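Report on the structure
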Amino acid sequence: MSKKIAVILSGCGVYDGTEIHESVITLLRLDQRGAEVQCFAPDIAQLHVINHLTGEEMPESRNVLVESARIARGEVKDVREARVEAFDALIVPGGFGAAKNLSNFAVEGAGCSVNPDVLALAEAFAEAGKPVGLICISPALAAKIYGPGVTCTIGNDTDTAAALDKMGATHQECAVDEIVEDKARKLVSTPAYMLGKNISEVASGINKLVDRVLELTHEND
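Nothing here was measured: the structure is a model prediction, and the numbers come from that model. (Residues numbered from 1 in each chain as written. Predicted model: local features only at pLDDT ≥ 70, side-chain atom pairs only at ≥ 80, totals over all residues. Heavy atoms only, no water.)

Quick word on the overall build of the protein chain
Here is the rule we go by: A run of DSSP states H or I qualifies as a helix once it reaches four residues; a run of E qualifies as a strand once it reaches two. Both are numbered from the N-terminal end. We take the radius of gyration over the C-alpha atoms and set the globule estimate at 2.2 Å times the residue count to the 0.38 power. Between buried and exposed lies partly exposed: a residue is buried under 20% and exposed over 50% of the maximum accessible area for its type, with that area taken using a 1.4 Å probe on protein chains only. Should any heavy atoms of two residues lie within 4.5 Å, those residues are considered in contact. In these tables, accessible area is a Shrake-Rupley quantity obtained with a 1.4 Å probe, and a residue counts as shielded only by the protein chains included in the view. This count recognises Lys and Arg as positive and Asp and Glu as negative, with His and chain-terminal groups excluded. Charged groups are reduced to one reference atom each: NZ for lysine, CZ for arginine, CG for aspartic acid, CD for glutamic acid.
Secondary structure assignment for the protein chain yields eight helices and eleven strands. For 221 residues, the compact-globule estimate of 2.2 N^0.38 gives 17 Å, and the C-alpha radius of gyration of the protein chain, at 16 Å, lies within 12% of that figure. Across its three principal axes, the protein chain shows a C-alpha extent of roughly 50 × 35 × 35 Å. Considering the protein chain as a whole, with its 221 residues, one finds that 54% of them fall into the buried category. Long-range pairs, those at least 24 residues apart, make up 69% of the contacts in the protein chain with a sequence separation of at least 6. If you sum the accessible surface of the protein chain, you get close to 9800 Å²; carbon and sulfur atoms cover 48% of it. Separation of charge centres in the protein chain, based on 20 positive and 32 negative side chains, amounts to 4 Å.

This is the structure we're talking about:
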């Protein structure tokens, strides 16, 4: 029987939404492993819109749910519709959208807050003891989801790791092609483009994360 996995997206594009490579690798690996996937995103305005060619901010507004539909080929729902009992695990790809739209970590750092609908869903998975995978910068949400003492990784970026530690997380350095697992919480994280120099490096870590998350869903079978 295939496992059902919820994936939270945060827009479309590394600088203001979901990192596209990371999300596609995640969705591809889940499909290769026979998982059933439903993408979700908050129905909110993006923090801002970035021109990905120049890196400059653009004078327009975009909706996170609408932009996430680009990656999900239209198959994405408002995160408020997600019910933890309908899924076996949760995965959140990275991209600045995780730090700008799912939370305000990019602006507030250690003093950040998480979008209440995203936080409620993630907390529900944590409370149910269901596996969660956080990729790239999305482990910045870990301490808000699990509380102090949670172990996770964003690779080896000193400033970001210090912010995570200040929030109450225990940061563990990790190579791009490896994962860090908090066994007590069934939380798996990997650095992806926080460290990766190319898509193959990023894929190696994400594939391990997806595989481990799926393994954890079978523990109670």
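After that view of the structure, there is still more to cover.
What to know about helix 7 (residues 158–166)
What counts, and what does not: Each direction from the helix axis to a C-beta atom contributes to the arc, which is the arc of those directions.
Of all the residues in helix 7, the buried ones are Thr 160, Ala 161, Ala 163 and Leu 164. The buried residues of helix 7 occupy one face: seen down the axis, they fall within an arc of 155 degrees. Seen from the buried face of helix 7, the exposed residues on the opposite side, beyond 90 degrees, are Thr 158, Asp 159 and Lys 166. The elements touched by buried residues of helix 7 are helix 4 (105–108), strand 8 (151–152) and strand 9 (170–171). One or two positions beyond helix 7, positive phi appears at Gly 168, with a value near 110 degrees.

Here's the deal with the packing of aromatic side chains
For the record, the criterion: Stacked, edge-to-face and tilted are the three classes for Phe, Tyr and Trp ring pairs, Trp counted by its six-membered ring, which pair at centre distances within 6.5 Å; planes under 30 degrees apart are stacked, over 60 edge-to-face, the rest tilted. Whether a charge sits over a ring comes down to the Lys NZ or Arg CZ being within 6 Å of the ring centre and within 35 degrees of the ring normal.
Per the counting criterion, the structure on display carries one aromatic pair. One Lys or Arg, Lys 100, reaches over the ring of Phe 96 and ends 5.0 Å from the middle of that ring.

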